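Coordinate analysis (summary)
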Amino acid sequence: DPAALAAARQELAEDIAFHQAVQFWFFSQWKALKDHANGLGVRIIGDLPIYVSLDSADVWSERREFLLDKAGRPRPGAGGEVHAASSSEACQLWGNPLYDWAAQKRDGFGWWIRRVEGASRLFDAIRIDHFRAFERYWSIPAGAETAKEGQWEPGPGMDLLRVLTGWFPHITYIAEDLGLLTPEVHQLREAAGLPGMKVLEFAFSGPGNDYLPHNYGS
């Protein structure tokens, strides 16, 4: 509503100016810090969260990228991670809106390209959060009280990863391949040519645990 936006810009002008100033100083100082770190041979890893908040600027301004109804409310909602294949008791109900992967694929994943381009100005390497959702993600009906009501849905897979690695070949990506992993998740990470993660804290359930250093793959 252009009239409502114009009124808000006028009414909130002081708040808007404050946040513009804060962002200006943050990005100026961050660039100085990053330049100093890079000058010492230190590269900075930044996180790229898998989902964004329902009340974020992204969802408000680019609703077509998400599974929302006409009022801007989520249709299915992002789930969490099923920690055991035989049980959904440990599911987490995150409440983030899900992406409309079909719509995003039709426009060439432009939203993700813009997102990664912005992150690449802040970081030297990007950790892709919750990588397993690129293969399959847990979708929960809108209004569900627990995550147990969800189901697995196919993620964008190599359709998206091929775009990101192709557009930004200079970026180092790290797949956060933690959680309930299947052979398909490992195959996707290998097809994309991305390094994964190993967490020593997770390593002590037995001698065959993949997180023990002597069990690491090449």
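Above this text is the structure in question.
The structure displayed is predicted, hence computed values, not measured ones. (Residues numbered from 1 in each chain as written. Predicted model: local features only at pLDDT ≥ 70, side-chain atom pairs only at ≥ 80, totals over all residues. Heavy atoms only, no water.)

**Some thoughts on helix H2 (residues 13-39)**
With 27 residues, H2 should cover 39 Å at 1.5 Å per step; its first-to-last C-alpha distance of 39 Å lies within 8% of that length. Once H2 ends, the next one or two residues include Gly 41, with phi positive near 85°. (Helix = DSSP H or I, 4+ residues; strand = E, 2+ residues; numbered from the N terminus. Expected span 1.5 Å × (residues − 1).)

**A closer look at a nonpolar patch on the surface**
A contiguous nonpolar surface patch, about 340 Å² in accessible area, is contributed by Leu 200, Phe 204 and Tyr 216. You can see Phe 204 is positioned in the segment after helix H7 (183-192). (Patch = residues over 30% accessible without salt bridge, like charges linked within 9 Å, V, L, I, M, F, W, Y side chains within 5 Å. Areas by Shrake-Rupley, 256 points an atom, 1.4 Å probe, with all protein chains shown as cover. Salt bridge = Lys/Arg side-chain N within 4 Å of Asp/Glu carboxyl O.)

**Some remarks on the pairing of strand S4 (residues 136-140)**
Counting buried positions along S4 yields 4 of 5 residues, so the element is predominantly enclosed. As paired elements, strand S2 (residues 77-78) and S4 share 2 bridges and run antiparallel to each other. When the sheet's bridge partners are listed, Gly 77 is paired in S4 with Ile 140. (Buried < 20%, exposed > 50% of the residue type's maximum accessible area, 1.4 Å probe, protein only. Pairing = 2+ DSSP bridges.)

**Remarks on the sheet that holds S2**
Sheet architecture is open: 3 strands sit in the order S2-S4-S5, paired in antiparallel fashion. Because the sheet does not close on itself, it has two edges, and the strands there are S2 and strand S5 (151-154). In this sheet, S5 lies alongside S4 in antiparallel orientation, the contact comprising 4 bridges. Each bridged residue has a counterpart across the sheet, and for Ser 139 the counterpart in S5 is Gln 151.

**A word on the side chain of Glu 135**
Of note, Glu 135 is situated in the loop between strand S3 (125-128) and S4. With sequence-adjacent residues up to four places away left out, Glu 135 is seen in contact with Glu 153, Pro 154, Gly 155, Thr 182, Glu 184, Val 185 and Leu 188. (Contact = heavy atoms within 4.5 Å.)

**Things to note about H7**
Among all positions of H7, only Val 185, Leu 188, Arg 189 and Ala 192 are buried. Seen along its axis, H7 keeps its buried residues to an arc of 95°; they face one direction. Exposed residues lying more than 90 degrees from the buried face of H7 are Pro 183, Gln 187, Glu 190 and Ala 191. In this structure, the buried side of H7 is in contact with helix H6 (158-167) and strand S6 (172-175). Where H7 terminates, the next one or two residues include Gly 193, which has phi positive at roughly 70°. (Arc of directions from axis to C-beta.)

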